[in-house]
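Close look at the chain arrangement
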Amino acid sequence: MIKRLEHLGIAVKDLKEANALYTKLLGVGPYKEEAVESEHVTTSFFQTGDSKIELLEATDPASAIARFIEKKGEGIHHVAFETDNILEEMKRLEEAGFRLLNEQPKKGADNKLVCFIHPKSANGVLVELCQSILEEE
Ligand code: CO
């Protein structure tokens with residue numbers, strides 16, 4: 001089951017400048033900054049009530065974020081929905097005809113397991129499913 005809109009992902013050219021702008025916009029600074037090396041991005045997260053804003057800056061010209069900005073410019077990159085059971089949701093959505101971009105959940109930013117759904121199967125929107133990983137160790 002989808003529980004809620006967890007965050008909006010926004011592709012930015014310059015994370016430092018975007019952090020300053022969003023701090024001004026939201027009246028509060030990011031609560032974390034995190035590199036996700038597998039995706040070649042650096043991210044920052046802002047809490048906005050019950051949801052979050054994730055800013056993403058490419059660290060490599062070949063990364064998906066760099067290609068997105070090249071094609072479409074800065075802006076909303078993905079919409080993330082939270083679930084308690086990502087495997088079950090992936091199965092449900094695949095059976096419903098959505099095209100999953102990864103067959104297994106992968107480790108994303110902010111202690112999450114994530115799976116992406118192709119924008120072509122979701123009205124042009126890149127959808128992220130995410131499930132919190134309980135912190136251990
Ligand atoms: Co995200």
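Here, the structure is the one placed above.
These notes cover the structure that comes with them. (Residues numbered from 1 in each chain as written. Predicted model: local features only at pLDDT ≥ 70, side-chain atom pairs only at ≥ 80, totals over all residues. Heavy atoms only, no water.)

Comments concerning the overall build of the chain
Tallying secondary structure elements over the chain gives 3 helices and 8 strands in all. Shown N-terminal to C-terminal, the secondary structure of the chain runs as helices and strands in the order β-α-β-β-β-α-β-α-β-β-β. Viewed in the frame of its principal axes, the chain has a C-alpha envelope of about 40 × 35 × 30 Å. Among the 137 residues that make up the chain, the fraction classed as buried is 42%. (Helix = DSSP H or I, 4+ residues; strand = E, 2+ residues; numbered from the N terminus. Buried < 20%, exposed > 50% of the residue type's maximum accessible area, 1.4 Å probe, protein only.)

Points about the coordination of the cobalt ion
Surrounding the cobalt ion are the protein donor atoms His-7 (NE2), Glu-54 (OE), His-78 (NE2) and Glu-128 (OE), at 2.1 Å. One way to put it: the 4 donor atoms around the cobalt ion meet at angles of 83 to 168 degrees, and that makes the site irregular. Written as a sequence motif, the donor arrangement for the cobalt ion is H-x46-E-x23-H-x49-E. A residue pair is termed long-range when its members are at least 10 positions apart, and His-7 in strand β1 (residues 2–12) and His-78 in strand β5 (residues 75–83) qualify at 71 residues. We classify His-7 as buried; its relative accessible area is 3%. Residue classification places His-78 among the buried residues on the basis of a relative accessible area of 1%. (Donors = N, O, S within 2.8 Å, 3.2 Å for Na, K, Ca; no water. Tetrahedral: all angles 85-135°; square planar, octahedral: opposite > 155°, others 65-115°.)

Points about the layout of surface pockets
A water-sized probe rolled over the atoms picks out the places where empty space is left. In this structure, the largest pocket spans a volume of roughly 780 Å³. Looking at the largest pocket, it is lined by 34 residues, and the ones nearest its centre are Ala-64, Ile-65, His-77, Phe-116 and Leu-126. Contributing elements (two or more residues each) for the lining of the largest pocket: β1, β3 (41–48), β4 (51–58), α2 (64–72), β5, β6 (106–108) and β7 (112–117). By residue class, the composition of the lining of the largest pocket is 16 nonpolar, 8 polar and 10 charged. (1 Å grid on protein atoms, 1.4 Å probe; cavity = no way out; pocket = protein on both sides within 12 Å on 5 of 7 lines; lining within 4 Å. Points joined across faces, edges and corners; volume = space filled by probe spheres on them. Nonpolar A, V, L, I, M, F, W, Y, C, P; charged D, E, K, R; others polar.)

A short note on the environment of Ala-122
Its place among the elements puts Ala-122 in the loop between β7 and β8 (127–132). Between the alpha carbons of Ala-122 and Glu-37 there is a distance of 27 Å; along the sequence they are 85 residues apart. The residues contacting Ala-122, other than those within four sequence positions of it, are Ile-117 and Val-127. (Contact = heavy atoms within 4.5 Å.)

Comments concerning the packing of aromatic side chains
Taken as a whole, this structure holds 2 aromatic pairs when the rule is applied. With a centroid separation of 6.1 Å and 50 degrees between ring planes, the pair formed by Tyr-22 and Phe-46 is classed as tilted. Pair noted here: Tyr-22 is in helix α1 (residues 15–26) and Phe-46 is in strand β3, with a separation of 24 residues, a long-range link. Judged on exposure class, the residue Tyr-22 and its partner Phe-46 are both buried. When the centroid spacing of 6.2 Å and the interplanar angle of 45 degrees are considered together, the rings of Tyr-31 and Phe-45 count as tilted. On the criterion of sequence distance, the pair formed by Tyr-31 in the loop between α1 and β2 (32–36) and Phe-45 in strand β3 is long-range, its members being 14 residues apart. For Tyr-31, a relative accessible area of 37% gives the class partly exposed. A residue is classified by how much of its surface remains accessible, and Phe-45, at 1% relative accessible area, is buried. (Phe/Tyr/Trp six-rings, centres within 6.5 Å; stacked < 30°, edge-to-face > 60°.)

Observations regarding the side chain of Ser-44
Relative to the helices and strands, Ser-44 is located in strand β3. You can call Ser-44 buried: its relative accessible area is 0%. A distance of 2.7 Å separates the side chain of Ser-44 from the side chain of Asn-19, its partner in a polar contact. (Polar contact = N/O pair within 3.5 Å; in protein donor to acceptor, adjacent residues only side chain to side chain.)

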